[in-house]
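An overview of the molecular structure
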Amino acid sequence: MTTLTLSPLRRLAPLLLAVSVLPGCFFSRSQTNPELSPELASQIIPAQSTAADVTELLGAPNEVVQLGLRTAWRYEHTVEKQSAAFLVFLGLRGVDTQSDRVWVFFDSEGNVTNIGTQFQASEAEYDVPIF
Amino acid sequence: MSKPLKCSALLAPLLASCVTGDYNQTRVYQPVSEEAVAALEVGRSGLEQALEDLGAPLQVIELGAGAALAWGWKEATDWNVTGSASIGSVRGRLQFANAALEFPGVVLFFDGDWVLMAKERGFLSELLLRPQLPRLVEDGGAPETGA
């Protein structure tokens, strides 16, 4: 009876093939501004909170928009996740950008009139496209 | 023609020249609910309902006595193919890209009392590029400024 054995080189062939076809890949994550806390944002109450309360809770805004005598402040935290695979002549790249964002609207006296929030920064994903 | 020879014949043009491609998938933010936008009533809905239903906008812009609030998102895939070749001392390069540069979204227009006056869908670059109305000067003087 004869036993067929693969030479070491043949056993490594699939791995070598995979390495030659997939010469590179990368993952990166970047973010702008500190995270925003839903708990802190929920403490901002229209008709009760003031500009001083908002700065105490969230700090300095990223943007102030003048609306006549009124203002709106924007707070934003952004997460970008990027992943890519480089085949021999083809690169596949996926970029996902999501953000936590809070807009606080004030009257002319600096009292909060409205607040809008969304918290989606944690939903950013690494996703290499497959077509 | 033997199989290795056929493969070599097919690969030869690739070795003599170089063709590379990129396939990109981009997602920026997330779309707002169609139903929530449809539920907003022009002339009746206010800022509170818009923020409650659509979340925080991407942009807030002063527009005359009122304001425009924009929500935007993008989900796109695009190709970028580059080919180059050298023949003697002449080198040529050809590139094709079909990147989607537009940013679709929804813009809500409010009057000075935060009543919804209009809602529009489209590309934000077009919706927000309309001529800016003159800034409102309210009675009662300018806001107090720190000394």
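In the block above lies the structure referred to throughout.
About the criteria used
Residues numbered from 1 in each chain as written. Chains lettered and ligands numbered in written order. Predicted model: local features only at pLDDT ≥ 70, side-chain atom pairs only at ≥ 80, totals over all residues. Heavy atoms only, no water. Contact = heavy atoms within 4.5 Å. Buried area = accessible area lost by both parts, 1.4 Å probe. Salt bridge = Lys/Arg side-chain N within 4 Å of Asp/Glu carboxyl O. Polar contact = N/O pair within 3.5 Å; in protein donor to acceptor, adjacent residues only side chain to side chain. Helix = DSSP H or I, 4+ residues; strand = E, 2+ residues; numbered from the N terminus. Nonpolar A, V, L, I, M, F, W, Y, C, P; charged D, E, K, R; others polar. Buried < 20%, exposed > 50% of the residue type's maximum accessible area, 1.4 Å probe, protein only. Pairing = 2+ DSSP bridges. Axes fitted to C-alpha atoms, helices over the stretch in contact; angles between N-to-C directions.

1. Let's talk about the interface of chain B and chain A
- At the interface, 35 residues of chain B touch 35 residues of chain A.
- Roughly 3,000 Å² is buried in total at the junction of chain B and chain A, and carbon and sulfur atoms are behind 52% of that figure.
- Along the contact surface separating chain B from chain A lie one salt bridge.
- Note that Asp 96 of chain A is salt-bridged to Arg 27 of chain B, the shortest N-O span being 2.7 Å.
- Scanning the region where chain B abuts chain A turns up 23 residue pairs in polar contact (both at pLDDT 80 or more).
- Counting only elements with at least two residues in the side of chain B that touches chain A, the list comes to strand 1 (17-28), helix 3 (47-54), strand 2 (59-63) and strand 3 (66-72) of chain B.
- Here the side of chain B that touches chain A is composed, by residue class, of 19 nonpolar, 10 polar and six charged.

2. Observations concerning the environment of Arg 11 of chain A
All names here are of chain A.
- On the secondary structure map, Arg 11 appears in helix 1 (residues 8-21).
- Take Arg 11: its relative accessible area is 58%, and that puts it in the exposed class.
- Sequence separation of Arg 11 and Ala 60 is 49 residues, and the distance between their C-alpha atoms is 61 Å.

3. Comments concerning the sheet that holds strand 2 of chain B
Residue and element names in this part refer to chain B.
- In spatial order, the strands read 2-3-6-7; together these four strands make up an open sheet with antiparallel pairing. Edge positions in the sheet fall to strand 2 and strand 7 (116-123), since each has one partner strand and no second. Between one strand and the next, the sheet's axes are offset by a mean angle of 20°, whatever the strand orientation.
- As defined by bridge partners, strand 3 adjoins strand 6 (residues 104-110) across six bridges and the pair is classed as antiparallel. For Leu 69, the partnering residue across the bridge sits in strand 6 and is Leu 108.

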